[in-house]
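Given next are the chains, with one letter for each unit.
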Amino acid sequence: MKEWRRVLSCFLAVLLTVYLVPVQVMAEELGDLWPPTTENVVDAPADVVGEILEQREENRKEFLLTDGTRQVVIYPAAVHYQKDGYWEEIDNRLLPSAAQDGETVYRNAAGMWDVSVPAELNTANGITVSRSGYSLSFYLTGQLYEDDGAISESGSGYIGEELPGEDMICVPADESAAEVSSIASTLADEGQLQPEAALNNQRSETAYQDVYHDTDVTYDLDSNRLKESLILRSCPKELLGYRYHLEAENLRLELQEDNRILAYAKDADSEAKPVFYMPASYLLDAENVCSDDIKVILEENEKGYELRYYLPQDWMADASYPVVLDPVVFNLCPIRSPFGIKL
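Residues numbered from 1 in each chain as written. Predicted model: local features only at pLDDT ≥ 70, side-chain atom pairs only at ≥ 80, totals over all residues. Heavy atoms only, no water.

Trainee: A description of the overall build of the chain should follow, citing residues and the corresponding values.
Mentor: Secondary structure summary: the chain contains 2 helices and 27 strands in total. Looking at the 343 residues of the chain, the share that counts as buried comes to 43%. Here the analysis covers contacts within the chain between residues at least 6 apart in sequence; of these, 54% occur between residues at least 24 apart. A total of about 19,400 Å² of accessible surface is found on the chain, and carbon and sulfur atoms cover 50% of it. (Helix = DSSP H or I, 4+ residues; strand = E, 2+ residues; numbered from the N terminus. Buried < 20%, exposed > 50% of the residue type's maximum accessible area, 1.4 Å probe, protein only. Contact = heavy atoms within 4.5 Å. Areas by Shrake-Rupley, 256 points an atom, 1.4 Å probe, with all protein chains shown as cover.)

Pasting the structure below:
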C-alpha cells in the first residue's frame with residue numbers, strides 16, 4: 001500500500017511540473033503585464049464631441065469628450081485673437097489683395113494684426129505690419145560692400161549706390177515674385193493631440209528667390225510672429241552687411257544694448273509695453289554653428305529709420321553654406337511648451 005502511495009505521489013509531482021512549466025514561461029514572456037492588474041488595462045481614448053467655445057483663451061482650447069470628461073489644450077503661443085469681445089481663430093492664410101497704390105499684395109485672413117507682403121519684392125515694395133492704428137513697414141534697400149570690393153561672380157563690379165561720406169556702396173535688391181504656401185504650424189504636434197485640436201491655417205510662408213545674388217528671402221508667419229530669413233547659398237565676396245529702410249506710423253523705435261529693437265507708441269511713457277518687438281539677429285550655418293556677433297545700427301532720418309546689419313567677416317568666411325541670417329522677427333507673445341490636460 002505504501003508502495004502505491006509513493007508511486008502515485010511521484011506521478012502527481014511530474015504531472016504538476018508539466019503543467020506549471022508553460023505557465024512560468026508565459027509569465028516570463030509577458031513581463032510587467034503578468035500578473036494582470038488594473039494598471040495594465042489601457043482604456044481606449046475618448047472621442048471629441050466638440051469644442052467649448054466659451055472656454056477659449058488666447059492660447060487655450062477646451063474640448064468635451066464622449067466619456068463626459070473635458071480636455072484642455074494649452075498651446076505655446078496665441079491661437080486666438082479677440083474680435084468684438086469673442087476669441088476667434090487666427091487665420092494666417094495669405095490671400096491676394098489690392099493695395100492702395102494698385103499693386104497686388106498678400107494679406108493674412110484674420111488675426112490680432114494685419115500683415116501685408118508684396119507680390120513682387122524689391123526696394124520699393126516692402127513688408128507692412130499693422131495693429132490698432134500702429135504700422136511698421138520695412139524695405140530691403142540693399143547689400144553693403146566696400147567701394148572697391150563689390151565684385152560679381154562674372155568678375156565685373158556690381159552697380160550700386162555710393163554712400164556719401166562712406167567708403168562703401170549699396171547694391172539694391174532685385175525684383176522677385178512671391179511664392180506663397182501654407183505649412184504645418186510649430187504650435188501643435190498632431191500626433192499627440194486629438195484631430196480637433198490640430199491647428200489649421202495658422203502658418204504661412206512667403207519665399208522670394210534670388211533677391212540678391214545667390215540669396216533668397218523668406219517670411220514665416222506663425223501665430224503672432226513674423227520672421228524674416230535671408231538664405232545665403234554661397235559666401236558673398238566682400239559683403240559687409242545689409243541695409244533696410246523702416247517706416248513707422250505712430251511709433252518710435254529704440255535699439256537696445258543687446259541689439260533688440262523695441263517699437264513703442266510715439267506718446268508712450270517709460271512704463272509702456274512695446275507694440276512690436278524685434279529680437280537680436282543671428283546667423284546659422286549648415287552645420288548649426290551660430291553667431292550673434294552682428295553689429296546693428298539704427299538711425300532716425302526724415303523718411304523714417306535706416307537699419308544696418310554688419311556681418312562678422314571671419315565667421316562668414318569659415319561658415320558652412322547655406323547660411324541663414326534672421327534679422328527681423330516680430331514677436332508679440334512668449335513661446336511656451338504645448339501640453340494637454342484631461343479634466
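Trainee: Just give me the short version of the pattern of salt bridges, but keep the residues and values in it.
Mentor: Applying the stated criterion to the full structure yields 16 salt bridges. Note that Glu89 and Lys61 form a salt bridge whose closest N and O atoms lie 2.5 Å from each other. Separated by 28 residues along the polypeptide, Glu89 in strand 5 (residues 86-89) and Lys61 in strand 2 (residues 60-65) bring together distant segments of the chain. Residue classification places Glu89 among the partly exposed positions, given a relative accessible area of 33%. Between Asp91 and Arg93 there is a salt bridge, and its shortest N-O distance comes to 2.7 Å. The class of Arg93 is partly exposed, set by a relative accessible area of 33%. The structure contains a network of salt bridges with shared partners spanning Glu51, Arg56, Lys61 and Glu89. (Salt bridge = Lys/Arg side-chain N within 4 Å of Asp/Glu carboxyl O.)

Trainee: So what's going on with the confidence of the model for the chain? Residues and values would help.
Mentor: Mean pLDDT over the chain stands at 81; residues scoring 70 or higher make up 74%. Contacts from residues 150-158, a stretch scored under 50 in pLDDT, to residues over four places away or in other chains number 17 contacts. Ignoring residues within four places in sequence, the model shows residues 333-343, a span with pLDDT below 50, making 32 contacts including any to other chains. (pLDDT = per-residue confidence, 0-100.)

Trainee: Summarise the sheet that holds strand 19 (residues 251-255); cite the residues concerned and give the values.
Mentor: What the 3 strands build is an open sheet, ordered 19-20-21; its pairing is antiparallel. The two strands at the open ends of the sheet, each matched to only one other strand, are strand 19 and strand 21 (276-278). Within the sheet, the average angular offset between the axes of one strand and its neighbour, ignoring direction, is 20°. Pairing of strand 20 (residues 261-265) with strand 21 involves 3 bridges; the strand directions are antiparallel. Opposite Ala263, over in strand 21, you have Phe276 as the bridge partner. (Pairing = 2+ DSSP bridges. Axes fitted to C-alpha atoms, helices over the stretch in contact; angles between N-to-C directions.)

Trainee: A description of the packing of aromatic side chains should follow, citing residues and the corresponding values.
Mentor: The relation between two aromatic rings is expressed through the spacing of the ring centres and the mutual angle of the planes. Taken as a whole, this structure holds 5 aromatic pairs when the rule is applied. Ring geometry for Phe138 and Tyr219: centres 6.2 Å apart, planes at 50°, overall tilted. In this pair, Phe138 sits in strand 11 (residues 134-146) while Tyr219 sits in strand 16 (residues 215-222), placing the two residues 81 residues apart along the sequence. Relative accessible area serves as the criterion here: at 2%, Tyr219 is assigned to the buried category. Relative to Tyr309, the ring of Tyr244 has its centre 5.9 Å away and its plane inclined at 85°; by these criteria the two rings are edge-to-face. A residue pair is termed long-range when its members are at least 10 positions apart, and Tyr244 in strand 18 (residues 239-249) and Tyr309 in strand 25 (residues 304-310) qualify at 65 residues. In terms of burial, Tyr244 and Tyr309 fall into one category: buried. An aromatic cluster is defined as three or more aromatic residues linked by ring pairs; in this entry it consists of Phe138, Tyr208 and Tyr219. Looking at Lys295, its charged tip hangs above the ring of Tyr310, at a distance of 6.0 Å from the centre. (Phe/Tyr/Trp six-rings, centres within 6.5 Å; stacked < 30°, edge-to-face > 60°. Lys NZ or Arg CZ within 6 Å of the ring centre and 35° of its normal.)

Trainee: Quick one: what's the story with the pairing of strand 24 (residues 295-301), residue by residue and with numbers?
Mentor: Here 7 bridges tie strand 24 to strand 25, and the two strands are oriented antiparallel to one another. Across the sheet, residue Leu298 finds its bridge partner in strand 25, namely Leu307. Taking the residues between adjacent antiparallel strands as the criterion, strand 24 and strand 25 are bridged by 2 residues.

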